[in-house]
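Close look at the chain arrangement
Below are the chains, spelled out letter by letter.
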Amino acid sequence: MYCIDVLLEEHDRITDFIVAARNACCNIIDGNNIDLEDLKKMLEFGKNYADNLHHKKEEDILFDAMVNEVGGPAQKMIQNGMLVEHNLGRLYLSELEKAIDNFKHSTKIKLQIITNLSAYCDLLERHIVKENGVAYPFGQRTLSNQTLERLNRETEQFENDTKNDREYYLNVLNELKQKYC
């Protein structure tokens, strides 16, 4: 199914990001120079690729259809699980942004950067396992063929509308991977 395949592929890219971000955190712990521009790129990737591009498709296309068509169990899984975790990720990114904006070579700011970036990575990693293993298969099993076809069309339209943004953030990711992986 195109919609799910796109989301799974994005999870692979987000997993690549997690590796780079964790390695950047380790560099800070090891006392290496902090590259503020790279941290800003990581923040930008999280906010724009993971959230605005990926989570938006989940929330506005797949999860919305699951809640509207399946109801009860889907609503509980989406509202009490997936969306809560999306919002927690946004909180970590917001706190990371504050730390970057207030950057000084102080232990306290370094701790805030490491804590929030690391927590964001841990959350994403667990979240991806749940979506890949539970939420997406549940959606594929319970949604009607007509709905699945509509989701494929909506995803294709979203992908066409955001092609340049996606390409930009995948280039940002490649830069981060070259430096941190």
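The name an unreviewed UniProt entry assigns to the protein chain is Hemerythrin domain-containing protein, from the organism Candidatus Butyricicoccus avistercoris.

**Comments concerning helix α1 (residues 2-29)**
For α1, built from 28 residues, the straight-helix expectation of 40 Å at 1.5 Å per residue is met to within 8% by its first-to-last C-alpha distance of 41 Å. Two residues or fewer past α1, G31 is found with a positive phi of approximately 85 degrees.

**Focus: the state of the cysteines**
Within this structure, the stated rule accounts for zero disulfides. C121 provides the cysteine sulfur closest to C25, a residue in no disulfide bond, and the two sulfurs are 6.2 Å apart. With relative accessibility at 4%, the residue C25 sits in the buried group. Between C181, a free cysteine, and C121, which holds the nearest cysteine sulfur, the sulfur-to-sulfur gap is 11 Å.

**Points about helix α3 (residues 72-101)**
With 30 residues, α3 extends 42 Å between its outermost C-alpha atoms, agreeing within 8% with the 44 Å of an ideal straight helix rising 1.5 Å per residue. Maximal helix bending in α3 amounts to about 35 degrees, located at I78. Looking only at α3, the buried set comprises A74, M77, I78, G81, M82, E85, H86, G89, L93, L96, A99 and I100. Of the surrounding elements, those touching the buried residues of α3 are α2 (36-70) and α4 (107-142).

Scoring rules and cut-offs
- Residues numbered from 1 in each chain as written.
- Predicted model: local features only at pLDDT ≥ 70, side-chain atom pairs only at ≥ 80, totals over all residues.
- Heavy atoms only, no water.
- Helix = DSSP H or I, 4+ residues; strand = E, 2+ residues; numbered from the N terminus.
- Expected span 1.5 Å × (residues − 1).
- Disulfide = S-S within 2.5 Å.
- Buried < 20%, exposed > 50% of the residue type's maximum accessible area, 1.4 Å probe, protein only.
- Bend = angle between axes of the 7 residues up to and from the residue.
- Contact = heavy atoms within 4.5 Å.

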